[in-house]
Every structure is written in structure tokens, then in C-alpha cells.
Amino acid sequence: MMMLFGIPLPALFGQLVIGLINGSFYAVLSLGFAVIFGLLNIVNFAHGAFYMVGAFSAWMLLNYLGLGYWPALVLAPVIVGCLGMVLERLVISRLYKLDGLYVLLLTFGCTLVIQGGFRIVYGNSGMPYPVPDLLKGGFLITDSLYLPAYRGWVVLVSIVICLATWLVIEKTKIGSYLRAATENAAMTEAFGINVPRLLTITFGIGVGLAALAGVLAAPIYSVNPTMGGELIIVVFAVVVIGGMGSILGSILTGFALGVLEGLTKVVYPEASGVVIFVIMVVVLCVKPAGLFGKSS
């Protein structure tokens, strides 16, 4: 059996694939988190709950309406994004002038309410969601290295979505409006731009990205009410390491930390659950603004 640094190559490749899959979810979720923080300057701790709602939306579309994976990939983020915009307009927008801690506590409370509601209706046990027929099977890279097709699809879609979102925000007129609205809302409104509507749309886009990650995760992990609870802590750490509000930093850090976590499971499995938080502590000690963040 081929070895690399004393580790069997199939085991190393398997953990790298798992790490890249986890990194894909970290990147998409962190992207949505960073979009909301960077453009609205609020910490959305309900992000994990929206991720869970996205997965449940795909499950409900399949079981109640007979709509499979491909329609759900489009409909679920739109549905959850609209729910997010309603929440932002009716509740969160009333707290913009207060200390950011109030929004953090509000979104944390929303998480508890959403998770509790789904737990009452569906219980705690996970529910399976089938892999689409088109993405079943996989590719045999070598005699001992196998890549499942769906996992490769998740990585590809995550990269495309992350790059497309970054390009829209950084390189288009709509993105310039969003950045201007957060930096100087009064002047932006003077040019006839509806700033509250832009902020609502931004929040909807952020939670829609979380829902998209939930749909992508549904065929890999069981769909259950607590699936986003622990993940949001990791996502928050990823965003802090990349730099709060840095969209590109969140994307790159998400993928990198997922791969690093996968490698840690091979080299020193006991540390795989804490390696991201250890890195966060080190980065904050060396560069408090994060790897890609700007010091205020």
C-alpha cells in the first residue's frame, strides 16, 4: 500500500475529501455570515438555523410536493431568503440604532425558537434525503482512491457560488450600492437609492446562502432540527479567523480550515475537534482583525 509521511494514501485522500466537503460548507455558510456582517454590521447567530431550515425545505418539497433535489436547489434558498427578509424588516431593522449585542441576542433567540418549533413537529431523529440519480456513484481515480460524484458536485457548486457572490459584491454596480449604503446611508439615500430595501435584500441573500448550504448538505447528513447548532460556532470561528466582514477572507479560510481539519483527523484525531479554535486563538493574538481583515 502506498504511504505518504507514514500514512496510507487512501486514508489520507479520504480525509482530504471529507475536509474539502466540510470546507465547502464552511465557506458557503461563512460567506453568507460575512455578507450580513460586512454590509449590515450585525452578527446573525440565526445563520445555523437558516441552514437547517434550508435542508428541511428541501425535505418538505420532496415529501409534501414531490419536488426533487434540482427544484429544491433553487426554491429552498429563495423561500428561506424571503423568510429572512420578513424577519429583517419586521424585527431586526428596529434594532439597528441600538448596540450590536441586542441583534446578536435577538438572532440567538430566533435560533432557539426555530429549532424548538422544528423539534416539536419532527422530533430529534434525523431524516434521510436521497442523492439525486444524476449524481449517484463516483469516480475511481486510482485502484484505491474513489471520489463520490455527489461530494465532488458539492465542492464544485460551493466554489462557483462563492466566486459569483464575491464578484457581484466587489465588481458590479449593485455591489457598489450595497457597500455605499453601509458606509454612508444618508448620502446614498440622497442619490435616490432605497437603503432600507437594500439592507433587507442583503439579509435575504445572506440567509439564502445558508439555506443553499443546507440543501447541499441534506443528502450527506441527516436532516434534523439541531444540524445547524454546532456548525454556527465553527462558522463564527472561520469568519473571525478570515476577518470579520471580509468576504474573500471567509471563503478562503473556510476551504483551508476544512482541509486542515481533515488532515488533523489523520495525523492527530484527538485534536480535530478543536484545531479550528486553536487557530482562532493564535490568529487573534497575532492579528486581532483576522488574516484578511482591516484594523479599525
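Residues numbered from 1 in each chain as written. Predicted model: local features only at pLDDT ≥ 70, side-chain atom pairs only at ≥ 80, totals over all residues. Heavy atoms only, no water.

Draft legend 1. Seen up close, the overall build of the chain. A count of helices and strands for the chain gives 11 helices and four strands. The C-alpha radius of gyration of the chain comes to 20 Å, within 12% of the 19 Å expected for a compact globule of 296 residues. With respect to the three principal axes, the spread of C-alpha positions in the chain is 70 × 50 × 35 Å. By residue count, 48% of the 296 residues in the chain fall in the buried class. The long-range share in the chain, meaning contacts at least 24 apart out of those at least 6 apart in sequence, stands at 75%. Carbon together with sulfur atoms contributes 71% to the accessible area of the chain, which is approximately 14400 Å² in total. (Helix = DSSP H or I, 4+ residues; strand = E, 2+ residues; numbered from the N terminus. Rg over C-alpha atoms; globule rule 2.2 N^0.38 Å. Buried < 20%, exposed > 50% of the residue type's maximum accessible area, 1.4 Å probe, protein only. Contact = heavy atoms within 4.5 Å. Areas by Shrake-Rupley, 256 points an atom, 1.4 Å probe, with all protein chains shown as cover.)

Draft legend 2. Seen up close, a nonpolar patch on the surface. On the surface, Val74, Leu75, Val78, Ile79 and Leu83 cluster together to form a nonpolar patch covering roughly 420 Å² of accessible area. Here Val78 is to be found in helix 3 (residues 69-90). (Patch = residues over 30% accessible without salt bridge, like charges linked within 9 Å, V, L, I, M, F, W, Y side chains within 5 Å. Salt bridge = Lys/Arg side-chain N within 4 Å of Asp/Glu carboxyl O.)

Draft legend 3. Seen up close, helix 11 (residues 275-286). With 12 residues, helix 11 extends 17 Å from end C-alpha to end C-alpha; this agrees with the ideal 16 Å at 1.5 Å per step. Along helix 11, the positions that sit buried rather than exposed are Val275, Ile276, Met280 and Val283. Viewed end-on, helix 11 has its buried residues packed into an arc of 140 degrees, placing them on one side of the element. (Expected span 1.5 Å × (residues − 1). Arc of directions from axis to C-beta.)

Draft legend 4. The pattern of salt bridges, seen in detail. This model, assessed by the stated rule, comprises two salt bridges. A salt bridge links Glu88 to Arg89; its shortest N-O distance comes to 3.4 Å. According to the relative accessible area criterion, Glu88 is buried, its value standing at 0%. With its nearest N and O atoms 3.1 Å apart, the salt bridge here joins Asp133 to Lys136.

Draft legend 5. Geometry of the packing of aromatic side chains. Enumeration according to the criterion identifies 12 aromatic pairs in this entry. Geometrically, the ring pair formed by Tyr69 and Tyr150 is edge-to-face, given 5.7 Å between the ring centres and 75 degrees between the ring planes. Taken as a pair, Tyr69 in helix 3 and Tyr150 in helix 5 (residues 149-171) lie far apart in primary sequence, 81 residues in all. Accessibility assignment for this pair places Tyr69 and Tyr150 in one class, buried. A network of ring pairs unites the aromatic residues Phe56, Trp59, Tyr64, Phe118 and Tyr122 as a single cluster. (Phe/Tyr/Trp six-rings, centres within 6.5 Å; stacked < 30°, edge-to-face > 60°.)

Draft legend 6. Expanded view of the nonpolar core. With 84 residues, the main nonpolar core has Phe25, Tyr51, Tyr129, Leu216 and Ile276 as its most contacted residues. The biggest single contributor to this core is helix 1 (residues 9-40), with 14 residues. Aside from chain neighbours lying at most four places away, what touches Leu216 is Phe25, Tyr69, Leu73, Tyr150, Trp153, Val154, Val157 and Ser158. (Core = buried A, V, L, I, M, F, W, Y, C linked by side-chain atoms within 4.5 Å.)

Draft legend 7. Local environment of the packing of helix 5 against helix 10 (residues 247-267). Where helix 5 meets helix 10, the closest approach of the two axes is 10 Å, and the angle between their N-to-C directions is 165 degrees. In this view, helix 5 runs roughly antiparallel relative to helix 10, as classed from their interaxial angle. The hand of the helix 5/helix 10 crossing is left-handed. Residues Ser158, Ile159, Cys162, Trp166 and Ile169 of helix 5 lie in contact with helix 10, whose contacting residues are Ile247, Leu248, Ile251 and Phe255. Here the contact of helix 5 with helix 10 is built from residues that sort into eight nonpolar, one polar and no charged. (Axes fitted to C-alpha atoms, helices over the stretch in contact; angles between N-to-C directions. Parallel < 35°, antiparallel > 145°, perpendicular 65-115°, else oblique. Left-handed = near helix turned anticlockwise from the far one by under 90°. Nonpolar A, V, L, I, M, F, W, Y, C, P; charged D, E, K, R; others polar.)

Draft legend 8. The state of the cysteines, seen in detail. This structure, assessed with the given rule, holds zero disulfides. With no disulfide partner, Cys110 has as its closest neighbouring cysteine sulfur the one in Cys82, 17 Å distant. (Disulfide = S-S within 2.5 Å.)

Draft legend 9. Helix 3, seen in detail. A rise of 1.5 Å per residue sets the reference length of helix 3, with its 22 residues, at 32 Å; its end C-alpha atoms lie 31 Å apart and thus fit the reference within 8%. The largest bend in helix 3 is about 30 degrees, located at Leu75, with the proline Pro77 one to four residues further on. Among all positions of helix 3, only Tyr69, Ala72, Leu73, Ala76, Pro77, Val80, Gly81, Gly84, Leu87 and Glu88 are buried. Each element contacted by the buried residues of helix 3 is listed here: helix 2 (47-65), helix 4 (100-122), helix 5 and helix 8 (195-217). (Bend = angle between axes of the 7 residues up to and from the residue.)

Draft legend 10. Inspection of the packing of helix 10 against helix 11 at higher detail. In the contact formed by helix 10 and helix 11, the axes pass within 9 Å of each other and the chain directions differ by 125 degrees. When the interaxial angle is binned, helix 10 and helix 11 end up oblique. Between helix 10 and helix 11, the contacting residues are Leu257, Leu260, Glu261 and Thr264 on the first element and Val275, Ile276 and Ile279 on the second. Of the residues assigned to the contact of helix 10 with helix 11, the class counts are five nonpolar, one polar and one charged.

Draft legend 11. Geometry of the side chain of Glu261. The residue Glu261 is located in helix 10 in this model. With no salt bridge to any partner, buried Glu261 finds its closest opposite charge in Lys265, at an N-O distance of 5.0 Å. Of note is the side chain of Glu261, whose polar atom sits 2.9 Å from the side chain of Tyr26. Each residue touching Glu261, except ones within four places of it in the same chain, is listed here: Asn22, Tyr26, Ser272, Val275 and Ile276. (Lys, Arg positive; Asp, Glu negative; His and termini not counted. Polar contact = N/O pair within 3.5 Å; in protein donor to acceptor, adjacent residues only side chain to side chain.)

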